Amino acid sequence: MLHSSVLTTVVLPLALAVIMLGLGLSLTFADFARVISVPRAVGTALACQLLLMPALCLALLALTGADTDTAVGMLLLAASPGGTLAAVYSHFARGDIALNITLTAVNSLLAVVTLPLVMWGVTRHYLGHAHNIGLQPHGVVTLIATVVLPVALGMTLRRLRPALAQSLRRAVRIVALVVLVVVVVGAILHNSRELGRSFNSILPLTAAFSVLNLVIGYWVPRLVRVQRPQAVASSMEIGIHNGALAVAIALSPALLNMPAAAVAPAIYIPVSLLTAAVAVLLLGRRTRSLPMAEPVTST
């Protein structure tokens, strides 16, 4: 097993950069143009993801009396953008996949600004200081090198060399998965005692938050008359956070440097995929029972 310092200082930034490169390879500049065509759906989903869900996460943490490390990890998760698997789940639930791509693209770029700001406020509140946040000069450089530049590189390759980008996407996903598994397993082994102590308390918390994400992500858009396929897409996007990104940021010495805060996002990843699968079954069954699927409009 690699030494923990090698994992966090070398392998982890590489994993984060590869993850973001894969995201960039799946995006085009046209994805952002879709914001104009579906302003209500995009605006509602982003409001839920950026404002409502972090607020509900705070309420859930206060209600359960979560410890500081768990609270920081959960709020880091709540501030993270949607995961790339959201579009896959949305497809099976008969959602608007184009909207998923749009939301992932927009929210991922917004996260470059919102994540450091949220973490600055969260750690200042829970720890009483904010000196180890990515808003520091070295943290900003790390964030740009591991998040912004890989996404930009991926999008540029997709635009200039689409055939090459298409061939790289699968390889990048595999490499990112392997490297991330090595990092997560190493971190779990290194913090096994702490994980064992907190698993029973964190598991119900992550499950409750996952269900809230899916429910809020669907019903809030429906209440403002967003079409059903778009509401399904919103539910999947909000329900499946980029837990890998949250884990990477929590573990990184140059960013958050709180290994214990990575426990909650790490547990959330499998929990959210399971609850989202149940949501897909329920939403898909309800869609098939409708006499006619609702058209996707630009409202």
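All values derive from a computational prediction rather than experimental measurement. (Residues numbered from 1 in each chain as written. Predicted model: local features only at pLDDT ≥ 70, side-chain atom pairs only at ≥ 80, totals over all residues. Heavy atoms only, no water.)

Focus on a nonpolar patch on the surface
And then number 1: On the surface, a nonpolar cluster with roughly 280 Å² of combined accessible area is contributed by Leu 85, Val 88 and Phe 92.
And then number 2: Mapped onto the fold, Leu 85 is located in the loop between helix 4 (68–79) and helix 5 (86–92). (Patch = residues over 30% accessible without salt bridge, like charges linked within 9 Å, V, L, I, M, F, W, Y side chains within 5 Å. Areas by Shrake-Rupley, 256 points an atom, 1.4 Å probe, with all protein chains shown as cover. Salt bridge = Lys/Arg side-chain N within 4 Å of Asp/Glu carboxyl O. Helix = DSSP H or I, 4+ residues; strand = E, 2+ residues; numbered from the N terminus.)

Examining the environment of Ala 277
And then number 1: Within the secondary structure, Ala 277 sits in helix 12 (residues 263–289).
And then number 2: With a relative accessible area of 30%, Ala 277 lands in the partly exposed category.
And then number 3: Along the backbone, Ala 277 and Tyr 89 are 188 residues apart, and their C-alpha atoms lie at a distance of 7.3 Å. (Buried < 20%, exposed > 50% of the residue type's maximum accessible area, 1.4 Å probe, protein only.)

Quick notes on the packing of helix 3 (residues 39–64) against helix 10 (residues 228–239)
And then number 1: One way to put it is that helix 3 packs onto helix 10 with a least axis distance of 10 Å and a crossing angle of 25 degrees. In terms of orientation, helix 3 lies roughly parallel with respect to helix 10. Crossing handedness for the pair helix 3 and helix 10: right-handed. Across the interface between the two elements, Ala 41, Ala 45, Cys 48, Gln 49 and Met 53 from helix 3 touch Gln 230, Ser 234, Glu 237 and Ile 238 from helix 10.
And then number 2: When grouped by side-chain class, the residues that make up the contact of helix 3 with helix 10 number five nonpolar, three polar and one charged. (Axes fitted to C-alpha atoms, helices over the stretch in contact; angles between N-to-C directions. Parallel < 35°, antiparallel > 145°, perpendicular 65-115°, else oblique. Left-handed = near helix turned anticlockwise from the far one by under 90°. Contact = heavy atoms within 4.5 Å. Nonpolar A, V, L, I, M, F, W, Y, C, P; charged D, E, K, R; others polar.)

Examining helix 4
And then number 1: Taking 1.5 Å as the rise per residue, helix 4 with 12 residues should run 16 Å; its terminal C-alpha atoms sit 16 Å apart, in good agreement.
And then number 2: Counting buried residues in helix 4 gives 10 out of 12 residues, a clear majority hidden from the surface.
And then number 3: Restricting attention to buried positions, one finds in helix 4 the residues Thr 70, Ala 71, Val 72, Gly 73, Met 74, Leu 75, Leu 76, Leu 77, Ala 78 and Ala 79. (Expected span 1.5 Å × (residues − 1).)

Remarks on the packing of aromatic side chains
And then number 1: The full count for this structure, using the stated rule, is two aromatic pairs.
And then number 2: Seen from their ring centres, Phe 209 and Tyr 268 are 6.1 Å apart, and the 55 degrees between their planes marks the pair as tilted. Of this pair, Phe 209 sits in helix 9 (residues 192–223) while Tyr 268 sits in helix 12, and the two are 59 residues apart along the sequence.
And then number 3: We classify Phe 209 as buried; its relative accessible area is 0%.
And then number 4: For the ring pair Tyr 218 and Trp 219, a centre distance of 5.0 Å and an interplane angle of 85 degrees mean the geometry is edge-to-face. (Phe/Tyr/Trp six-rings, centres within 6.5 Å; stacked < 30°, edge-to-face > 60°.)

Points about unusual backbone geometry
And then number 1: Even without being glycine, Arg 94 reaches a positive phi, approximately 65 degrees.
And then number 2: One non-glycine residue with positive phi stands out, namely Arg 225, at about 70 degrees.
And then number 3: Counting through the fold element by element, Arg 225 comes out in the loop between helix 9 and helix 10.
And then number 4: Residue Arg 225 is classed as exposed on the basis of its relative accessible area, which comes to 69%.

Section: the side chain of Thr 275
And then number 1: The topology assignment puts Thr 275 in helix 12.
And then number 2: For Thr 275, a relative accessible area of 18% corresponds to the buried category.
And then number 3: What Thr 275 contacts, discounting residues up to four positions off in sequence, is Ser 210, Val 211 and Leu 214.

A look at the nonpolar core
And then number 1: Counting 43 residues, the largest nonpolar core has Met 74, Leu 76, Phe 209 and Leu 256 as its most contacted members.
And then number 2: Listing elements by their share of this core, those giving two or more residues are helix 1 (4–25), helix 3, helix 4, helix 6 (97–127), helix 7 (137–160), helix 9, helix 11 (243–251) and helix 12.
And then number 3: Counting residues per element, this core draws most heavily on helix 4, which supplies eight residues.
And then number 4: The next biggest cluster of nonpolar side chains, apart from the first, holds 13 residues, and it includes Tyr 218, Ala 279, Val 280 and Leu 283. (Core = buried A, V, L, I, M, F, W, Y, C linked by side-chain atoms within 4.5 Å.)

Things to note about the confidence of the model for the protein
And then number 1: When the pLDDT values of the protein are averaged, the result is 76; 73% of them are 70 or greater.
And then number 2: Averaged over each element, pLDDT in the protein is lowest for helix 1 (67) and highest for helix 10 (91).
And then number 3: The low-confidence segment residues 131–136, where pLDDT is below 50, has 16 contacts with residues more than four positions distant or belonging to other chains. (pLDDT = per-residue confidence, 0-100.)

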